[in-house]
Amino acid sequence: MREISLPDPQATQALGRALAAILRPGDVVLLEGDLGAGKTTLARALLRTLCGDGEMEVPSPSYTLVQVYEAPVAPVSHFDLWRLDGPDALYELGWDEACEGIVLVEWPDRLGGLAPPDALRVSLVPDAAGGRVARLAGDAARLARLPLTNPDTGDAP
């Protein structure tokens, strides 16, 4: 596991950009955290980076449940499972096809047994200073590819 301090939304965005640099087709990123933890902020930065468009509109898929983006490296499916009744509904949303590209999942606890064992887990939790801590777990080789410094500031992402 790796922990990264996220004192503000800009640090959360920097982490999203850093994560985008290590993702490849077949990767699944599970974004965990309470409401307001920064999951969508991280996902937006990650998606904008993967798509090469820093101004791209990235609506929350809370009501559509999934938004698909055509990124140069692979299609990216952003799932928000907050309103999902259960994992069986994922098949209707194109889960199997989505897993051929890159997948981001907010509220991954709703995946049940469909959560890939090799997924990258990013848990966003509050810290004592009013910011967040990102706890990253998953494939050690994938985590080792995560840059140690934020290219924007030189600090840890």
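Residues numbered from 1 in each chain as written. Predicted model: local features only at pLDDT ≥ 70, side-chain atom pairs only at ≥ 80, totals over all residues. Heavy atoms only, no water.

### Considerations on the pattern of salt bridges
Right, on to step 1. Tallied over the entire structure, the rule returns three salt bridges.
Right, on to step 2. Residue Arg135 is joined to Glu3 by a salt bridge in which the shortest nitrogen-to-oxygen separation is 2.9 Å. Here Arg135, found in strand E7 (residues 132-137), pairs with Glu3, found in strand E1 (residues 2-6); they are 132 residues apart in sequence, far enough to count as distant. (Salt bridge = Lys/Arg side-chain N within 4 Å of Asp/Glu carboxyl O. Helix = DSSP H or I, 4+ residues; strand = E, 2+ residues; numbered from the N terminus.)

### Focus: the packing of aromatic side chains
Aromatic ring pairs are reported here in terms of the distance separating the ring centres and the angle at which the planes meet.
Right, on to step 1. If you walk through the whole model with that rule in mind, you get two aromatic pairs.
Right, on to step 2. Judged by centre distance (5.3 Å) and plane angle (65 degrees), the rings of Phe79 and Trp95 are edge-to-face. On the criterion of sequence distance, the pair formed by Phe79 in strand E4 (residues 75-80) and Trp95 in helix H3 (residues 95-98) is long-range, its members being 16 residues apart. Of the two residues, Phe79 and Trp95, neither departs from the other in class, the shared state being buried.
Right, on to step 3. Ring centres of Trp82 and Trp107 lie 4.5 Å apart, and the angle between their planes is 50 degrees; on these two criteria the pair is classed as tilted. Here the residue Trp82 occupies a position in the loop between E4 and H3, and Trp107 occupies one in the loop between strand E5 (102-106) and strand E6 (120-126), the gap between them amounting to 25 residues.
Right, on to step 4. Judged by relative accessible area, which is 41%, Trp82 ranks as partly exposed.
Right, on to step 5. The buried category is assigned to Trp107, whose relative accessible area is 13%. (Phe/Tyr/Trp six-rings, centres within 6.5 Å; stacked < 30°, edge-to-face > 60°. Buried < 20%, exposed > 50% of the residue type's maximum accessible area, 1.4 Å probe, protein only.)

### Some details on the sheet that holds E7
Right, on to step 1. Taken together, the seven strands give an open sheet; going across it, the order is E1-E7-E6-E2-E5-E4-E3, and neighbouring strands pair in mixed fashion. The open sheet has two edge strands, E1 and strand E3 (66-70), and neither has a second partner. The average undirected angle you get between the axes of adjacent strands in this sheet is 15 degrees.
Right, on to step 2. Looking at chain direction, E3 and E4 are connected through five bridges and run antiparallel. Bridged to Gln67 within E4 is His78.
Right, on to step 3. Against the sheet, helix H1 (residues 9-20) makes contact with E1, E6 and E7, and its axis sits at roughly 140 degrees relative to E1, the strand it touches most.
Right, on to step 4. Against the sheet, helix H2 (residues 39-51) makes contact with strand E2 (28-32), E3, E4, E5 and E6, and its axis sits at roughly 165 degrees relative to E5, the strand it touches most. (Pairing = 2+ DSSP bridges. Axes fitted to C-alpha atoms, helices over the stretch in contact; angles between N-to-C directions. Contact = heavy atoms within 4.5 Å.)

### Examining the nonpolar core
Right, on to step 1. Residues Leu19 and Val122 are the most contacted members of the largest nonpolar core, which totals 33 residues.
Right, on to step 2. Of all elements in the fold, only E1, H1, E2, H2, E5, E6 and E7 reach the threshold of two or more residues within this core.
Right, on to step 3. Take this core: its biggest share by element is six residues, from H2.
Right, on to step 4. Apart from residues no more than four positions distant in its own chain, Leu19 is found in contact with Leu42, Leu46, Leu120, Val122, Leu136 and Leu146.
Right, on to step 5. In terms of nonpolar packing, the next biggest core, distinct from the first, is built from 15 residues, Leu65, Leu81, Trp95 and Ala98 among them. (Core = buried A, V, L, I, M, F, W, Y, C linked by side-chain atoms within 4.5 Å.)

### What about the packing of H1 against H2?
Right, on to step 1. Orientation of H1 relative to H2, taken along the N-to-C sense of each, is 45 degrees, at an axis distance of 7 Å. Here H1 is positioned oblique relative to H2, judged by the angle of their axes. Classified by chirality, the crossing of H2 by H1 is right-handed. Contacts from Pro9, Thr12, Gln13, Leu15, Gly16, Arg17, Leu19 and Ala20 of H1 reach H2 at Thr41, Leu42, Ala45, Leu46, Thr49 and Leu50.
Right, on to step 2. Here the contact of H1 with H2 is composed, by residue class, of eight nonpolar, five polar and one charged. (Parallel < 35°, antiparallel > 145°, perpendicular 65-115°, else oblique. Left-handed = near helix turned anticlockwise from the far one by under 90°. Nonpolar A, V, L, I, M, F, W, Y, C, P; charged D, E, K, R; others polar.)

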